[in-house]
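Take a look at the letters that make up each chain.
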Amino acid sequence: MSKTRKELATELGSELNGLLMASRTVMAASAARFHPDLQPAAYQLAAMLAGQGPTKAGGLAERLDMDKSAISRLAKSLCDNGLADTSADPSDGRAIVYSLTDAGHNGIQAANAVKSDAFFSRVAGWSDAELTLFIGLLRKFNRI
């Protein structure tokens with residue numbers, strides 16, 4: 001007997017919960033590899049800086065859906081650990097722009113290796129066709 005649409009949706013929810021839990025575990029391991037003494041949120045901020053380049057606190061707060069004061073505290077911890085720097089915004093000398101240092105970029109590369117290894121090990125036995133199908137379906141699911 002085939003499953004109802006509701007049963008399938010429930011099963012999907014269960015699998016997505018498993019994916020989210022696994023993702024949190026990988027993110028925690030990546031954050032620890034980035035810098036073991038910093039909060040995981042500092043790693044997320046650094047990852048955003050790595051992807052976006054130099055950015056003002058307001059832009060980081062908006063992209064990460066965080067309070068500006070939280071961004072400032074996290075950015076300060078990155079700066080205090082030599083992972084980020086501040087500079088004046090070239091278009092508005094009163095504003096501060098955060099950017100990663102070389103040490104910050106190196107930490108992001110090490111953290112990304114943790115994620116890559118974790119994901120690669122999960123799909124190591126998959127064919128290219130299976131992996132391509134999975135990527136396409138995830139891409140379609142995430143466009144909602």
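Residues numbered from 1 in each chain as written. Predicted model: local features only at pLDDT ≥ 70, side-chain atom pairs only at ≥ 80, totals over all residues. Heavy atoms only, no water.

- Per an unreviewed UniProt entry, the chain goes by Winged helix-turn-helix transcriptional regulator and derives from Sphingomonas alpina.

### Here we look at the pairing of strand β2 (residues 84-89)
For a regular strand, the rule is simple: side chains alternate between the two faces of the sheet.
Consideration 1: In the sheet, β2 pairs with strand β3 (residues 92-100) via six bridges, with the strands oriented antiparallel. By the bridge assignment, Ala 88 is partnered in β3 with Ile 96.
Consideration 2: Taking the residues between adjacent antiparallel strands as the criterion, β2 and β3 are bridged by two residues. (Pairing = 2+ DSSP bridges. Helix = DSSP H or I, 4+ residues; strand = E, 2+ residues; numbered from the N terminus.)

### Re the pairing of β3
Consideration 1: Pairing geometry for strand β1 (residues 55-56) and β3, over two bridges, is antiparallel. Bridge pairing in β3 places Lys 56 opposite Val 97.

### A closer look at the sheet that holds β3
Consider a sheet: its strands pair through backbone hydrogen bonds, and that pairing is either parallel or antiparallel.
Consideration 1: One open sheet holds the three strands; their spatial order is β1-β3-β2, and the pairing between them is antiparallel. Each of the sheet's edge strands pairs with one partner strand only, and the pair in question is β1 and β2.
Consideration 2: Across the sheet, helix α2 (residues 40-52) is in contact with β1 and β3; its angle to β3 comes to roughly 105°. (Contact = heavy atoms within 4.5 Å. Axes fitted to C-alpha atoms, helices over the stretch in contact; angles between N-to-C directions.)

### A short note on the packing of aromatic side chains
Consideration 1: For the coordinates displayed, the defined rule picks out two aromatic pairs.
Consideration 2: Judged by centre distance (5.7 Å) and plane angle (50°), the rings of Phe 34 and Tyr 43 are tilted. The burial state of Phe 34 is the same as that of Tyr 43; both residues are buried.
Consideration 3: For the ring pair Trp 126 and Phe 134, a centre distance of 5.1 Å and an interplane angle of 85° mean the geometry is edge-to-face.
Consideration 4: For Trp 126, a relative accessible area of 34% gives the class partly exposed.
Consideration 5: Among the residues examined, Phe 134 registers a relative accessible area of 36% and is labelled partly exposed. (Phe/Tyr/Trp six-rings, centres within 6.5 Å; stacked < 30°, edge-to-face > 60°. Buried < 20%, exposed > 50% of the residue type's maximum accessible area, 1.4 Å probe, protein only.)

### A look at helix α4 (residues 68-80)
Consideration 1: Between its first and last C-alpha atoms α4 spans 18 Å; for 13 residues at 1.5 Å apiece the expected length is 18 Å, and the two agree.
Consideration 2: Tucked into the core, α4 has its buried residues touching α1 (5-34), α2, α3 (57-64), β2 and β3. (Expected span 1.5 Å × (residues − 1).)

### Here we look at the pattern of salt bridges
Consideration 1: A complete count under the given rule lists four salt bridges for this structure.
Consideration 2: A salt bridge links Asp 89 to Lys 56, with the nearest nitrogen and oxygen atoms 3.1 Å apart. Here Asp 89 is found in strand β2, whereas its partner Lys 56 is found in strand β1, with 33 residues between them in sequence.
Consideration 3: Given the relative accessible area of 8%, Asp 89 is considered buried.
Consideration 4: Here Lys 56 falls in the partly exposed class, since its relative accessible area comes to 36%.
Consideration 5: Close ionic contact of Lys 76 with Asp 80 constitutes a salt bridge, the shortest N to O distance being 2.8 Å. Taken together, the residues Lys 76 and Asp 80, both in helix α4 and four residues apart, mark about one turn of the helix.
Consideration 6: According to the relative accessible area criterion, Asp 80 is exposed, its value standing at 54%. (Salt bridge = Lys/Arg side-chain N within 4 Å of Asp/Glu carboxyl O.)

### Quick notes on the UniProt feature "domain: HTH marR-type" (unreviewed entry) in the chain
Consideration 1: Residues given the UniProt feature "domain: HTH marR-type" (unreviewed entry) here are residues 9-143.
Consideration 2: Across residues 9-143, helical content stands at 72% and strand content at 13%; the span's end C-alpha atoms are separated by 17 Å. (UniProt positions renumbered as here; feature names shortened; annotations may be inferred.)

### Observations regarding unusual backbone geometry
Consideration 1: In the Ramachandran plot, Asp 65 falls in the positive-phi region, its phi being about 55° despite a non-glycine side chain.
Consideration 2: Among the secondary structure elements, Asp 65 is positioned in the loop between α3 and α4.

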